[in-house]
Amino acid sequence: QVQLVESGGGLVQAGGSLRLSCAASGSIFSIYAMGWYRQAPGKQRELVAVITSGGSTNYADSVKGRFTISRDNAKNTEYLQMNSLKPEDTAVYYCNALERTGTGFFASWGQGTQVTVSS
């Protein structure tokens, strides 16, 4: 099982930047992919960005060109660099790790970190 610890959330003005970090521990070599999700008040949780063990990335259309997901394998950490932030980016952001198991996949989640973007 993978354990995830998030950091980097906070309050920022529109147009500003934040970088979220997610440190993984445990059975890290079983990770198939890692990603970031977010959930705004009254809305469903949505995928923001994902990076596979092979290094390929995908982004939600709403964040393309503004957000960048990356990994530091030496530190077992993934990052979400968020630039040109907008008020609609305000949400709780969750780190996710997808582990490959003998029967399928198992998802682990971080505790969530609040990102608030003011107008």
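Residues numbered from 1 in each chain as written. Predicted model: local features only at pLDDT ≥ 70, side-chain atom pairs only at ≥ 80, totals over all residues. Heavy atoms only, no water.

(A) Region of the structure containing the state of the cysteines. On inspection of all chains with the given rule, the structure shows 1 disulfide. The disulfide partner of Cys 22 is Cys 95, and the gap between their sulfur atoms is 2.0 Å. On the sign convention where negative means left-handed, the S-S torsion of about -80 degrees between Cys 22 and Cys 95 marks this disulfide as left-handed. Remark: Cys 95 occurs in strand β9 (residues 91-100) and Cys 22 occurs in strand β3 (residues 18-26); sequence separation between them is 73 residues. (Disulfide = S-S within 2.5 Å. Helix = DSSP H or I, 4+ residues; strand = E, 2+ residues; numbered from the N terminus.)

(B) Here's a closer look at the layout of surface pockets. Quantified by volume, the largest pocket comes out at close to 290 Å³. In terms of lining, the largest pocket is formed by 15 residues, of which the most central are Ile 28, Ile 31, Arg 71, Asn 73 and Asn 76. Contributing elements (two or more residues each) for the lining of the largest pocket: β4 (31-39), β5 (46-52) and β7 (67-72). It is β4 that contributes the most residues to the lining of the largest pocket, 4 residues altogether. One number sums up the size of the second largest pocket: a volume of about 190 Å³. If you trace the second largest pocket, you find it lined by Arg 38, Gln 39, Ala 40, Lys 43, Gln 44, Glu 46, Ser 62, Arg 66, Lys 86, Glu 88, Asp 89 and Ala 91. Across the lining of the second largest pocket, the residue classes tally to 2 nonpolar, 3 polar and 7 charged. (1 Å grid on protein atoms, 1.4 Å probe; cavity = no way out; pocket = protein on both sides within 12 Å on 5 of 7 lines; lining within 4 Å. Points joined across faces, edges and corners; volume = space filled by probe spheres on them. Nonpolar A, V, L, I, M, F, W, Y, C, P; charged D, E, K, R; others polar.)

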